[in-house]
Amino acid sequence: MTQDMEQYLSRVRLWMFGMPRKAKNGIVNELRAHIIDSSNAQGGPASIGYIVSQMESPRRTANKYKQIYGYGLPLKILFVVITIFLAIWTVPIWEIVNPSFSTNFVFLLLIVFLFVIGSRAGKKMALVTGIAALLTRFIILGLIAAALGDFAVVQGGGVFVFLMASIFLILVAYIPARTIEKWEDKRAWDIPMQPASQAYPSPYAPQPYPNPRPAPQAMYSPPPNPPANSCPRCGTAIFITTKYCPECGTRVV
Amino acid sequence: MKNIGEEWTRELKKGSIQLCLLAVISTGRKYGFQIIKELREMSSGYYDLKEGTLYPALHRLEKRGYLKSQWITQDSGMPRKYYSLTKKGLKALEEARGEWSRMVSSVNDVLEAKK
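Along each chain, residues carry numbers from 1 onward, in the same order as the chain's sequence is written. Lettering for chains starts from A, numbering for ligands starts from 1, and both go in the order in which the items are written. For this predicted model, a pLDDT threshold of at least 70 governs which residues receive local features, and a threshold of 80 or more governs which side-chain atom pairs are given and counted, while totals over whole chains, interfaces and linings are taken from all residues. Values shown for side chains rest on all heavy atoms present in the structure; no hydrogens or waters enter the calculation.

1. Digging into the pairing of strand E3 (residues 79–85) of chain B
All names here are of chain B.
Part 1: With respect to burial, E3 is a largely interior element, five of its seven residues being buried.
Part 2: Two strands qualify as a pair provided DSSP detects at least 2 bridges between them. The helix count covers DSSP runs of H or I at least four residues long, the strand count covers runs of E at least two residues long, and both are numbered beginning at the N terminus. As judged from the two bridges shared by strand E1 (residues 30–31) and E3, these two strands associate in the antiparallel manner. Following the sheet pairing, Lys30 is matched in E3 by Tyr83.
Part 3: Summarising the sheet, strand E2 (residues 67–73) and E3 pair through seven bridges and their orientation is antiparallel. Bridging from a neighbouring strand, Gln70 pairs with Tyr82 of E3.
Part 4: What sits between the antiparallel neighbours E2 and E3 is a turn of five residues, in which Gly77 has the positive phi angle 95°. Relative accessibility thresholds used throughout: buried, under 20% of the residue-type maximum; exposed, over 50%; partly exposed, between the two (1.4 Å probe, protein chains only).

This is the structure we're talking about:
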């Protein structure tokens, strides 16, 4: 049964690809502790499979954390390097040097890349890559103009259009990042609604814990007349199959 | 009408869950499963959070500086992540409590006003 748990956790870890390692380890360990606590409260390791099946999909779980932690430093550096590389070839002056080269195509590629970064890596990363693109374009423009000795190409209305196109690159990354962040902030506190009968149980009715829905018999059925046991530390009555006390967490042999 | 009721309930829960989480944690350091259990018991089942809602929410509150966390290994050998309030969290809780009282009082005044 712990196999189900480890399989689920490894899939969550996989979907958290790119996140800082420390955060990933902490999240996986926290989820593992939660599953073990839940199984102790629901009748021991036999219920782990059922508990895992009731959890959100690994992808959805991982995405929630990704919105909080974003990507780790190595990937952030890679994103900036790719942005700078693409931005270098978006300077229209390359077409003067080599008429067969299409800067528009690279510019389009950069837009797509920045949009993806903005929608996946968060607001800060969107700003960093957008500004990196803007600065790179101006530095390259200046360097090439200086090398050609013809500053006429960077004067007048052309510079204004160039500036506008560069600012547009920042917006292409920033706007989706901000929109998604706002949307995720709203969704972060979404509480799944249950039918009224389950959401407001009678305080006098026995309430299975922690999930009011009973486990389907086909997936998990408790042993008939489970032998009683009690926690040596706090005295809570528990199943003999339970390894940890649901109240104080003490390991029960 | 049923849909409107559900939508309102959802919005009310969303608007109050952060306050409830901070209030539960303010009584002492707690781990995730314990928070779910206490919140459910204290609210008579009204707040029945799933792990997919609670843990990211705790991480979000921690990242914003309202909570701090600490890994503690139990006698049983199982490590658990305990959350407690920071000074900022405590201050936020006090402010939110005051705001909540004002809101409840105002809404009650409106609802109970004679026509």
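2. A look at a nonpolar patch on the surface
Part 1: Note that patches include only residues with greater than 30% relative accessible area and no salt bridge, and the join distances are 9 Å for like charges and 5 Å for nonpolar side chains (Val, Leu, Ile, Met, Phe, Trp, Tyr). Residue exposure ignores everything except the shown protein chains as possible cover, and the areas themselves are Shrake-Rupley values with a 1.4 Å probe. For this document, the term salt bridge refers to a Lys or Arg side-chain nitrogen within 4 Å of an Asp or Glu carboxyl oxygen. Together, Phe160, Val161, Leu163, Met164, Ile167, Leu171 and Ile175 of chain A make up a nonpolar patch on the protein surface, roughly 610 Å² of accessible area in all.
Part 2: As for its placement among the helices and strands, Ile167 of chain A is situated in helix H9 (residues 157–187).

3. Quick word on the sheet that holds E3 of chain B
Part 1: Ordered by their spatial adjacency, three strands build an open sheet running E1-E3-E2 (chain B), and the pairing between neighbours is antiparallel. Whereas interior strands pair on both sides, the edge strands pair on one side only; in this sheet they are E1 and E2 of chain B.

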